[in-house]
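Commentary on secondary and tertiary structure
Chain by chain, the residues run as shown.
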Amino acid sequence: MDTGDTAWVLASAALVLLMTPGLAFFYGGMTRAKGVLNMMMMSFGAIALVGVLWVLYGYSTSFGTDLFGGVLGNPGEKFGLSNILSTGDGMPLVGTIPEIAFVGFQSVFAIITVALISGAIADRAKFGAWLLFAGIWVTLVYFPVAHWVFDFNKDVNGNPIGGWIGQGLGVIDFAGGTAVHINAGAAALALALVLGKRKGFGKDPSHRPHNLPFVMLGAGLLWFGWFGFNAGSALGANGIASFAWINTLVAPAAATLGWLLVERLRDGHATSLGAASGAVAGLVAITPACSAITPIWSIVLGLIAGAVCALAVGLKYKLGYDDSLDVVGVHLVGGLIGTLFIGLAADPNAPAAATGLFHGGGLELLGKQALGSIAVLLYSFVLAFIIGWVIQKTIGFRVPSHHEEDGVDVSVHAESAYDFGGRIGGSFHPLDGAAIAEEGSANVAGSTKSKVEA
Amino acid sequence: MDTGDTAWVLASAALVLLMTPGLAFFYGGMTRAKGVLNMMMMSFGAIALVGVLWVLYGYSTSFGTDLFGGVLGNPGEKFGLSNILSTGDGMPLVGTIPEIAFVGFQSVFAIITVALISGAIADRAKFGAWLLFAGIWVTLVYFPVAHWVFDFNKDVNGNPIGGWIGQGLGVIDFAGGTAVHINAGAAALALALVLGKRKGFGKDPSHRPHNLPFVMLGAGLLWFGWFGFNAGSALGANGIASFAWINTLVAPAAATLGWLLVERLRDGHATSLGAASGAVAGLVAITPACSAITPIWSIVLGLIAGAVCALAVGLKYKLGYDDSLDVVGVHLVGGLIGTLFIGLAADPNAPAAATGLFHGGGLELLGKQALGSIAVLLYSFVLAFIIGWVIQKTIGFRVPSHHEEDGVDVSVHAESAYDFGGRIGGSFHPLDGAAIAEEGSANVAGSTKSKVEA
Amino acid sequence: MDTGDTAWVLASAALVLLMTPGLAFFYGGMTRAKGVLNMMMMSFGAIALVGVLWVLYGYSTSFGTDLFGGVLGNPGEKFGLSNILSTGDGMPLVGTIPEIAFVGFQSVFAIITVALISGAIADRAKFGAWLLFAGIWVTLVYFPVAHWVFDFNKDVNGNPIGGWIGQGLGVIDFAGGTAVHINAGAAALALALVLGKRKGFGKDPSHRPHNLPFVMLGAGLLWFGWFGFNAGSALGANGIASFAWINTLVAPAAATLGWLLVERLRDGHATSLGAASGAVAGLVAITPACSAITPIWSIVLGLIAGAVCALAVGLKYKLGYDDSLDVVGVHLVGGLIGTLFIGLAADPNAPAAATGLFHGGGLELLGKQALGSIAVLLYSFVLAFIIGWVIQKTIGFRVPSHHEEDGVDVSVHAESAYDFGGRIGGSFHPLDGAAIAEEGSANVAGSTKSKVEA
Amino acid sequence: MKLITAIIRPEKLDDVRGGLESYGVQGLTVSGAHGYGRQRGHTEVYRGAEYTVDLHPKVRIEVLATEDQVDDIVDVIISSSNTGRAGDGKVWTVDVYEAVRVRTGERGAAAV
Amino acid sequence: MKLITAIIRPEKLDDVRGGLESYGVQGLTVSGAHGYGRQRGHTEVYRGAEYTVDLHPKVRIEVLATEDQVDDIVDVIISSSNTGRAGDGKVWTVDVYEAVRVRTGERGAAAV
Amino acid sequence: MKLITAIIRPEKLDDVRGGLESYGVQGLTVSGAHGYGRQRGHTEVYRGAEYTVDLHPKVRIEVLATEDQVDDIVDVIISSSNTGRAGDGKVWTVDVYEAVRVRTGERGAAAV
Ligand SMILES: Nc1ncnc2c1ncn2[C@@H]1O[C@H](COP(=O)(O)OP(=O)(O)O)[C@@H](O)[C@H]1O
Ligand SMILES: Nc1ncnc2c1ncn2[C@@H]1O[C@H](COP(=O)(O)OP(=O)(O)O)[C@@H](O)[C@H]1O
Ligand SMILES: Nc1ncnc2c1ncn2[C@@H]1O[C@H](COP(=O)(O)OP(=O)(O)O)[C@@H](O)[C@H]1O
């Protein structure tokens, strides 16, 4: 075990954990004031639920021994992590770090992938239904896909087992362009279709972001955490991590410029929402590529990702699906750009040592990258659609129409986000047994005061 | 010295420092808009004051050679850290890290313990009195208690000196269930009693949280920082740290679910305040236990802590003490649950190598854990009550009644937190010598314009 | 290569990156609600632009081989980092870490130095002009000055090449008192003069901070990140880093107390803005000094820096320049205090091993510190003034007067920061090709509805 | 000259404005308000404490109108803001003694 | 029909509402306001610059009432919001020409 | 007794207050409002979607005044808030039936 590598992976894991609250702000700032808590709860709910499932069977499903010819790892093998917990002699390692550190590092990837999806269904999802979706989707989609992409286990003879996309097909995805972003983006599109458009979609001016500084805060925390996401994926504090680090700085920097340039030319104004979005688009795009392309090419990738995503977020109005906070436009499109760009610009001297079209590698790598991307995209989209659809048809995924009008915060969570002193009136009493029994679970209660009809 | 271990401890120390601003937001979001700055100032004031005291004599009091049979370390021994500053040959070490790094790591524990207390006295404390209390309490309570719990110094023969709770009694408290959470929670209860209830306690609807996204932000930063708190307490980047890391993920995740479940069943709604509170309750509970129980048992602990704390926060209305932001319900109760749970579920194969009741260890460990908890609880409560009471009787701890009505921000700090453009009117002038002399320290000044009585 | 050192530097680099979003909140909270986005955009714009330039030629200009007798490094030498990217055998190192990690660590210093300047020109700068200024200033000022101060390259015989201030003159500036804070502060003063005062400067009450919790958040994130800034500058996880860490805790802690004390005595109230400002002033002051003075002297330095900066921020009203958010009062003054204080209190036993006046070193060191400070101050001021002036006279740096009245957010970025539900009315439509062509870049559009003159 | 004040549901503001514009009203003033009446409140829960909120967000519209338009305008407002559910609001009119346009100093009908 | 407008201290809103309900008032409209008058202001300090704030938060209550109730309602408001300290506020009444309930179109006394 | 209501530009509030104080007005009530009229709106853009904002922030000033002062006060308001650009606002006056000072119960001219 190497303490330096372990220090970096533990720090990186914490950084990636922070990304989900960061995402809660990035997304939450973009909703209306009356839906911000629900949006944040979908992220916090993902941390809570996926965190527990990961320890129970998620890690084992993603990184256990192949079942069904590699469709997933054996969920029971490391159930509850029970057999990898030794911290003394004979502590199991992954490379130079304790396996349990690797478990931690991978856990937060599962969490944020689920949280990312929630951006598509702002302002209209039941929280219970969301949790149910999250639990099923992460089990049936994320855990297997992580097995396909991130599992580099070998058998005793050193032959790859598991990871048909990553080590089988040889798709290059350093930190999750396919397993995280395309995966989440495709599921988001499916949910946007299942839940349908918000009331007033494309018309109601109240749909503008209610707190842009929160969006900036979210973008800042995401960028910060993403250094753990990408450079931590080297699983050590070494040259490869450093290489990934600098790409994780420069690609989003360029993508910010790219997005702002499109805005300036098209709308006349570079916006702060554009800067935050551009940074995230660049981070998404560099995720799979950060070990495969040089910083100069990262700048090119960033510019492209920023500009294309800036255009892509307008698609939902044209095509008529309400991907409310642009998970498709940013994560699916950005993830595709980054994953495919490797096929073009991968540099044989970069750590990934792959050769893309521009360096004389022909179209082979590009083909693989496309294949891996599409496999994940389709699998995730179809499964997410089915899961979402069944939930919608059974317990209902979307809140009733008047709950949407009242705002999901008040109707689903019985809370409102802000009270700057402008709210007046109302009455208060601590809940005690009696009162609880009486009022049940109704959140829209009749006024407790007697009224006389006029 | 090991650079990897040092890297992890330095990073962890920074993470724990961030927890106090995180706490400022967790708490600040829960107050009214007119008390948020005062609440945040109590946290920032703790950083400032305790930071200085720690370097002067705090570290030495906590980790110096026993005085009075182990009641405290010798405050003069390492006064100003003067004799441990060498960074060249002969640099003093604690384990594999520079002692000065250990000083840094421990400093932030002292800071946040003090800051935690402030949640009990929202909206009604004088800032000067708070600083005075903080300085005395940390000196008379925290520094000695840290000596009892965290000091693992041995004499030249390898016999324990100092640390009667930790190495003497053998109480297991990996990262501060007793020294931090029970300690702060007990002091908070004392202050809540000394200062008395806010006006309108349990009645005034304006006491609802003014900014729930801030509460979520605080919870997110706390969780992030807590990885340093717990996993950093391994004082190295190793298997134990990794073990603590995964428990620090999964226990609060389960606690969030536990809290939300109670809310859903009792009130009909899972709230964002509940999610944030549940996460913190789980973090509190796992703090002492993160090296002693396996992840599966952490899930159980988390569920229990989340559910019990969700119920415990209602006690203040029943019992009639105004622990405004539930330091007792979350930190005292959560700290007790976590510390005692070790006595039940400690696994001999976990790094702490202790055996609790469920693993055939009998009741001995549970007894020790209870003893250690109660010792800290009582000591802190009694001292905090006396210190607080004396301050209240002399210079006054609580603001005058009309200051509470105006809001502590404006009356104590001469500031208001927000101005979104809705505030209108007023006049402005830079302070210059003359004006200062004239207007003195009055913050409620007469209008400068002449008025004619009608 | 040492993995522990690399782990710490990678973590530190991420921490320093976070400081710029932190600064965006520190500054953004101090503007009016209608200028917060513009303020934040100047920070995010700095990340984007300087991030790209750094990779292209910035690193090479700062750390390349001397040109023109040491005025700058050769911008073409490591253009695009192309020749230092190897991560395998023969990977280039700086000390014990990969050179590419050093590139990352230094990049974020360039970024934040630029961002710091923006505080002087709140509420009145064109974003395009700011980006232009940022690009030119960082090229002509920051990159060369970093070369003077931070470049410790030696030729094959071990003789210093580059770094005439740092290794030539022997000025002690551990983490950037001159290159970062004096540099940015002097440029800020120049821009404040070039752009002139805000409308209503010193009179309009709407100029009070619109969101003080954001200022606290910014201060918290800055402090957190500053551990990377200062302790990371040791370029390793060792005793020196630990020494710097503890100074980075205690100096700002003392400075907070210093600032609050001045406020309490002068105005009667310790404010949260004062606490946040004091912490930052202390962080600035300890930046150059954190390896040269002992923690006790750091407390003294902190108290002085906090108190003096608290007084210095009032100067702008007396002298009549509108350094809106006090970059001069905090960063220039704080940077000078810290850099000069080394000449007084440098301790030969501290890691920097320099001897100041109080330890019998005479006035020599003080003289050098003054010389280095003044050189950077003048160079930066003059260049910034010229660059700013030319931009103002050509494309215009300041927005037109009515844009300032409407607020820079809406006029420059076509956005408004908040919508808590109070905003009513308005209409919405997705931009499509046709509409874009028609409406061009005008942000103040005529109502689309027909009106009849009464 | 009369002043028409309408307290309506916020979500009906756009409809009312549209209706008034079509009718020919060229200006109006809008502000936020909270109403209390027959409409039922909702309950929020924070850490087990219950807040009953029975003041509802409303929007106040004020229109200065000449005598001949008042009835029509009131009708337009009512028809465009009516939902039939409790909480729809009130409209009332008061006599205006004098109205002036600040920009020009014009008075009376010319002011609106 | 009359419209009663009261400018009162925000902290007195609940008392006034309670009083009016007891009296039998079934609806009212509340909005935020700031007042300037005999009440003294307070001072805030930001980085050594002083802001004197002399507009005080107030709450405006509006009640439509039939002629016979007006005097009683004014009395209820005054007695429940009076503190005797400067800044208590004002109550004024104006004649209402017509009042309509949006939900039903009812006019006059039936509308309130 | 009359009630003067003025809808003005927010940035003119201080001037108007200054003017009224000089004239001798000892109290007034201010609240926020949004206005719609001849003044042109502005456009905001979020991720390529355009929001046209045509309600402008305004400030409402209300002053109770005795009959003899009304005309002067209206003049003071107009002269101190006039900019000559569209959006300057309106001033209107209505008859007040009765005005009361809450603190003392004084009525009529003594109440203002
Ligand atoms: N007597 C009144 N005076 C002033 N405003 C009233 C009065 N009664 C009702 N309102 C306003 O009208 C709104 C709707 O009244 P409510 O009784 O809830 O429904 P409805 O008018 O449909 O019966 C209230 O929210 C309040 O703003
Ligand atoms: N002439 C006036 N016209 C309108 N509102 C007024 C007038 N005078 C006072 N007010 C309102 O009444 C409130 C209380 O007035 P103030 O003079 O402070 O106290 P008091 O009425 O007790 O003498 C003010 O804040 C303001 O809102
Ligand atoms: N008929 C009206 N009734 C009530 N308020 C009006 C009316 N017309 C205009 N206003 C108010 O006056 C403000 C200024 O009106 P506007 O038409 O923009 O400019 P001007 O009065 O200078 O022609 C509007 O923003 C609105 O608040």
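Residues numbered from 1 in each chain as written. Chains lettered and ligands numbered in written order. Predicted model: local features only at pLDDT ≥ 70, side-chain atom pairs only at ≥ 80, totals over all residues. Heavy atoms only, no water.

1. Thoughts on a nonpolar patch on the surface
Residue and element names in this part refer to chain C. Together, Leu 193, Val 382, Phe 385, Ile 386, Trp 389 and Val 390 make up an exposed nonpolar region whose accessible area comes to about 520 Å². Of the residues forming the nonpolar patch, the biggest block, five residues, is contributed by helix α13 (residues 364-393). Looking at where Trp 389 falls in the secondary structure, it is placed in helix α13. (Patch = residues over 30% accessible without salt bridge, like charges linked within 9 Å, V, L, I, M, F, W, Y side chains within 5 Å. Areas by Shrake-Rupley, 256 points an atom, 1.4 Å probe, with all protein chains shown as cover. Salt bridge = Lys/Arg side-chain N within 4 Å of Asp/Glu carboxyl O. Helix = DSSP H or I, 4+ residues; strand = E, 2+ residues; numbered from the N terminus.)

2. Concerning the site of ligand 3
Around ligand 3 lies a shell of 20 residues, among which Thr29(D), Leu64(D), Arg101(D), Arg103(D) and Arg38(F) are the nearest. What surrounds ligand 3 is not a single chain but chains D and F. Contact distances for ligand 3 include 2.8 Å between a nitrogen atom and a backbone N or O atom of Leu64(D). At 3.4 Å, a backbone N or O of Asp88(F) approaches an oxygen atom of ligand 3. Bound to the protein, ligand 3 loses 99% of the 540 Å² it would expose on its own. Listed by contribution, the elements that provide at least two residues to the shell around ligand 3 are β2 (28-36) and β5 (56-65) of chain D together with β2 (28-36) of chain F. Looking at which element gives the most residues to the shell around ligand 3, the answer is β5(D), with three residues. In terms of residue class, the shell around ligand 3 is made up of six nonpolar, seven polar and seven charged. (Near = heavy atom within 4 Å. Polar contact = N/O pair within 3.5 Å; in protein donor to acceptor, adjacent residues only side chain to side chain. Nonpolar A, V, L, I, M, F, W, Y, C, P; charged D, E, K, R; others polar.)

3. Focus: the site of ligand 1
Residues in contact with ligand 1 amount to 20 residues; listed here are only the nearest, Arg38(D), Thr29(E), Leu64(E), Arg101(E) and Arg103(E). Around ligand 1 the close residues trace back to chains D and E. Here Leu64(E) contributes a backbone N or O atom positioned 2.8 Å from a nitrogen atom of ligand 1. Relative to its unbound accessible area of 540 Å², ligand 1 is 99% covered by the protein chains. For the shell around ligand 1, the element with the highest residue contribution is strand β5 (residues 56-65) of chain E, accounting for three residues. Of the residues that constitute the shell around ligand 1, the class distribution is six nonpolar, seven polar and seven charged.

4. Remarks on the pattern of salt bridges
Scanning the model with the defined rule gives 58 salt bridges over all chains in all. Glu67(D) is the partner of Lys2(D) in a salt bridge, and the nearest nitrogen-oxygen pair spans 2.7 Å. Taken together, the residues span a long stretch of sequence, with Lys2(D) in strand β1 (residues 2-8) and Glu67(D) in helix α2 (residues 67-81) at a distance of 65 residues. Assessed through its relative accessible area of 3%, Lys2(D) is described here as buried. Of the charged contacts in the structure, one is a salt bridge between Asp75(D) and Arg107(E), with a shortest N-O distance of 3.5 Å. You can see Asp75(D) sitting in helix α2 and its partner Arg107(E) sitting in the segment after β7 (98-101), one on each of two chains. Several salt bridges share partner residues, and in doing so they unite Lys316(A), Asp326(A) and Arg47(F) into one network. (Buried < 20%, exposed > 50% of the residue type's maximum accessible area, 1.4 Å probe, protein only.)

5. Considering the packing of aromatic side chains
Inspection of the entire model under this criterion finds 87 aromatic pairs over all chains. Seen in terms of ring centroids, Phe26(A) and Tyr27(A) are 6.2 Å apart; in terms of plane orientation they differ by 35 degrees. Their pairing is tilted. Assessed through its relative accessible area of 2%, Phe26(A) is described here as buried. An angle of 75 degrees between the planes, with centres 6.3 Å apart, marks the rings of Tyr59(C) and Phe102(C) as edge-to-face. Placement of Tyr59(C) in helix α2 (residues 36-63) and of Phe102(C) in helix α3 (residues 99-117) is noted, with a sequence separation of 43 residues between them. In this structure, Tyr59(C) and Phe102(C) share a single accessibility class: buried. Members of the aromatic cluster, joined through ring pairs, are Trp54(A), Tyr57(A), Tyr59(A), Phe63(A), Phe102(A), Tyr142(A) and Phe143(A). Here the basic side chain of Arg17(E) rests over the ring of Tyr36(D), its NZ or CZ set 4.5 Å away from the ring centre. Above the ring of Tyr97(D), the side-chain terminus of Lys2(F) is found at 3.8 Å from the ring centroid. (Phe/Tyr/Trp six-rings, centres within 6.5 Å; stacked < 30°, edge-to-face > 60°. Lys NZ or Arg CZ within 6 Å of the ring centre and 35° of its normal.)

By themselves these figures say nothing about function.
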